[in-house]
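Each chain, written out:
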Amino acid sequence: MSTSTVANTDVPNARLDQSKMRKIATASVIGTTVEWYDLFLFGTASALVFNRVFFPDLPPEVGTILSFLTFAAAYVARTLGAVLFGHFGDRIGRKSMLLVSLLTMGAATLGIGLIPDFNTIGLAAPFILLTLRIIQGLALGGEWGGAVLMTVEHAPAAKRGWYGSLVQVGVPIGTLLANLAFLIVTAAVSEEALVSWGWRIPFLASVLLVAVGIYIRLNIEETPSFHQVREQGAKAKLPFVYLMRHYWKQVLLGGIATLSTGSTFTLMVASGVNYGTSAIGLTSNLMLWVVFAACLIGFVCIPLFGRLSDRVGRKPVIAAGIIAEALLAFPFFWLMNTGNVAAVLLAYAMMMVAFSANYGPIATFLAELFGAKVRYSGLSVAYMLSGLLGSAITPAITVWLLNLTGQSDSIAWYILGASLLSLIALFLLTDNRLRNIDRVGATTSVEVPA
């Protein structure tokens, strides 16, 4: 059945003025940017050098698949991190978990930059890499949901889509910075030096970004929704258990509805880079610049689509993005296969616009599915489930499909299938844009239509 729409009325005196709201949004964006920078450094390194650094005795395509499977391990950990950080985020508060997650991510990324290579310590090297990658995943599992809630739960009802989309901008900015870091390094050192030690520089440099993120986050306030839960004594004893008892459909369908965002974005920043360099023969430097340009487009488009969702609803904007991703799946590869730089840029630009429409409103859409007492857990688990179903396996599957068939169309069919699944799940959920998100009980949350 479907619950009736409840108009959103803010908690009296709980919302922040515009200057404080900007401060909250800035803190969330910077922190999330740092987390995604750290995460996508790994994806870029996996596509460019990790097969030679940690799997040198294997055929190149096998080493690349293993690098991408290590990349995927973080997504399993992200789901566990979502449960862990969600538990404490719903019981202790959003702010403290954001600080812990940022520190954890920074330590793991620094550790990756310090790992000896395979030739130095043998099999211990890829195992240490895998361990640190898992720690990265645990941290991101707690980071993203908390950052979204800091903005969405503070935001005025009419601007939740806008503020939620600002957190999403951390993805293209973080990716842009990760690619910029590798562009600088690849331009400054030889290929041999890049494989030997140059790839470590972007990982070590993340310490500076983490320090900035922590400093800013120390000065933000807890959200009105969590204050409401605490004042009413309504905290769930075991948030994950409560979540799966009352919201399991929203978690499952929310994860599937978001699947295509992960598949599409990972296609561009990891699989596309590998395809462009290994199958088309484009230089790694060129592909990094293409991803860089696409991320600039995402930086502009994501908040625009978030704002649009405040006016017309979340579902129409998200659905339009998913449909566009599906329609562009084959043209994306047709343009790439030309080997023409302008055509490759066009392919990435069109796909990034489609992705932005899908991704911009999705954070707020997911947050609005859950009651305040388990929103951190619900939002985080649903989103990280989508990463596990989409982002985690996309790089390895695309390499496998390409080796199996020799045809890029096989990858396009994969992206098309992911988009179709997401679209079906999206339409089984209700747009919750007009609800009062500060209420704590399960009955205030959207219900999946029967």
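Residues numbered from 1 in each chain as written. Predicted model: local features only at pLDDT ≥ 70, side-chain atom pairs only at ≥ 80, totals over all residues. Heavy atoms only, no water.

**Section: the overall build of the protein**
Piece 1. Scanning the protein from N- to C-terminus turns up 21 helices and zero strands.
Piece 2. A burial count over the protein gives 61% of its 450 residues as buried.
Piece 3. Counting only contacts in the protein whose residues sit at least 6 apart along the sequence, the fraction spanning at least 24 positions is 86%. (Helix = DSSP H or I, 4+ residues; strand = E, 2+ residues; numbered from the N terminus. Buried < 20%, exposed > 50% of the residue type's maximum accessible area, 1.4 Å probe, protein only. Contact = heavy atoms within 4.5 Å.)

**Notes on the confidence of the model for the protein**
Piece 1. In the predicted model, the protein carries a mean pLDDT of 83, and the fraction of residues at 70 or more is 89%.
Piece 2. The low-confidence segment residues 1-15 (pLDDT under 50) makes 37 contacts with residues lying over four places distant or belonging to another chain.
Piece 3. This model gives residues 442-450 a pLDDT under 50, and the stretch forms 35 contacts once residues within four places in sequence are excluded. (pLDDT = per-residue confidence, 0-100.)

**Focus on helix α12 (residues 239-246)**
Piece 1. Listed in full, the buried residues belonging to α12 are Pro239, Tyr242 and Leu243. Seen end-on, α12 carries its buried residues on one side only, within an arc spanning 100 degrees. (Arc of directions from axis to C-beta.)

**A short note on the packing of α12 against helix α13 (residues 248-257)**
Piece 1. Following both chains from N to C, one finds α12 and α13 inclined at 85 degrees, their axes separated by 4 Å at the closest point. Classified by the angle between their axes, α12 and α13 sit roughly perpendicular to one another. Counted together, Leu243, Met244, Arg245 and His246 of α12 and Trp248, Gln250 and Val251 of α13 form the full contact between these two elements.
Piece 2. Here the contact of α12 with α13 is composed, by residue class, of four nonpolar, two polar and one charged. (Axes fitted to C-alpha atoms, helices over the stretch in contact; angles between N-to-C directions. Parallel < 35°, antiparallel > 145°, perpendicular 65-115°, else oblique. Nonpolar A, V, L, I, M, F, W, Y, C, P; charged D, E, K, R; others polar.)

**Digging into a positive patch on the surface**
Piece 1. Taken together, the side chains of Arg91, Arg230, Lys235 and Lys237 define a basic patch exposed on the protein surface.
Piece 2. You can see arginine 91 is positioned in helix α3 (residues 60-91). (Patch = residues over 30% accessible without salt bridge, like charges linked within 9 Å, V, L, I, M, F, W, Y side chains within 5 Å. Areas by Shrake-Rupley, 256 points an atom, 1.4 Å probe, with all protein chains shown as cover. Salt bridge = Lys/Arg side-chain N within 4 Å of Asp/Glu carboxyl O. Lys, Arg positive; Asp, Glu negative; His and termini not counted. Charge placed at Lys NZ, Arg CZ, Asp CG, Glu CD.)

**Observations concerning the packing of aromatic side chains**
Piece 1. Taken as a whole and judged by the stated rule, the model has 13 aromatic pairs.
Piece 2. Centre to centre, the rings of phenylalanine 54 and tryptophan 199 are 5.9 Å apart; their planes meet at 75 degrees, and the pair counts as edge-to-face. Linking phenylalanine 54 in helix α2 (residues 50-54) with tryptophan 199 in the loop between α9 (191-198) and α10 (200-217), this pair joins segments that are 145 residues apart in sequence. Of the two residues, phenylalanine 54 and tryptophan 199, both sit in the buried class.
Piece 3. Within the aromatic cluster, the residues linked to one another by ring pairs are Trp144, Phe265, Phe355, Tyr359 and Tyr383. (Phe/Tyr/Trp six-rings, centres within 6.5 Å; stacked < 30°, edge-to-face > 60°.)

**A look at the pattern of salt bridges**
Piece 1. This model, assessed by the stated rule, comprises seven salt bridges.
Piece 2. The salt bridge involving arginine 94 is made with aspartate 90; its shortest N-O contact spans 3.2 Å.
Piece 3. According to the relative accessible area criterion, arginine 94 is buried, its value standing at 0%.
Piece 4. When the shortest N-O distance is used, the salt bridge between aspartate 310 and arginine 314 registers 2.8 Å.

**Some thoughts on the nonpolar core**
Soluble globular proteins: nonpolar side chains tend toward being buried together.
Piece 1. Of all hydrophobic cores here, the largest spans 123 residues; its most connected members are Phe50, Trp144 and Tyr348.
Piece 2. Of all the elements, helix α1 (residues 18-48) adds the most residues to this core, at 13 residues.
Piece 3. Setting aside its immediate chain neighbours within four residues, tyrosine 348 contacts Leu267, Met268, Gly272, Val273, Met287, Val290, Val291, Ala294, Phe332 and Met336.
Piece 4. With five residues, the next largest nonpolar core counts Val34, Leu102, Val210 and Ile214 among its residues. (Core = buried A, V, L, I, M, F, W, Y, C linked by side-chain atoms within 4.5 Å.)

**Let's talk about the environment of leucine 140**
Piece 1. Note that leucine 140 resides in helix α6 (residues 124-152).
Piece 2. The exposure class of leucine 140 is buried, given its relative accessible area of 0%.
Piece 3. Along the chain, leucine 140 and tyrosine 75 lie 65 residues apart, while their C-alpha atoms are 9.1 Å from each other.
Piece 4. Excluding residues that lie within four positions of it along the chain, leucine 140 makes contacts with Glu35, Trp36, Leu39, Arg78, Met105 and Met384.

**Digging into the packing of helix α20 (residues 394-405) against helix α21 (residues 409-427)**
Piece 1. As a packed pair, α20 and α21 sit with axes 8 Å apart at the nearest point and diverge in direction by 145 degrees. Pair α20 / α21 crosses with right-handed handedness. Each of Thr394, Ile397, Thr398, Leu401, Leu402 and Thr405 in α20 lies in contact with α21, whose residues at this interface are Ser410, Ile411 and Tyr414.
Piece 2. Looking at the contact of α20 with α21 residue by residue, the class counts come to five nonpolar, four polar and no charged. (Left-handed = near helix turned anticlockwise from the far one by under 90°.)

**Regarding the environment of valine 229**
Piece 1. Of note, valine 229 is situated in helix α11 (residues 224-231).
Piece 2. For valine 229, a relative accessible area of 0% puts it in the buried group.
Piece 3. For the pair valine 229 and alanine 372, spaced 143 residues apart in the sequence, the C-alpha separation amounts to 6.9 Å.

**Structural notes on the side chain of glutamine 136**
Piece 1. Relative to the helices and strands, glutamine 136 is located in helix α6.
Piece 2. In this structure glutamine 136 touches Asp38, Leu39, Phe42, Met105, Ala108, Thr109 and Ile112, once residues within four positions along its chain are discounted.

**Topic: the side chain of serine 101**
Piece 1. One can find serine 101 in helix α4 (residues 94-114).
Piece 2. Here serine 101 falls in the buried class, since its relative accessible area comes to 0%.
Piece 3. In contact with serine 101, not counting residues within four places along its chain, are Glu35, Phe85, Ala139, Gly142 and Glu143.

**Things to note about a nonpolar patch on the surface**
Piece 1. The grouping of Leu110, Leu114, Leu204 and Val207 at the surface amounts to a nonpolar patch, some 310 Å² of accessible area in total.
Piece 2. Elements represented by at least two residues in the nonpolar patch include exactly α4 and α10.
Piece 3. Tracing the chain through its elements places leucine 110 in helix α4.
Piece 4. Owing to a relative accessible area of 31%, leucine 110 belongs among the partly exposed residues under this scheme.

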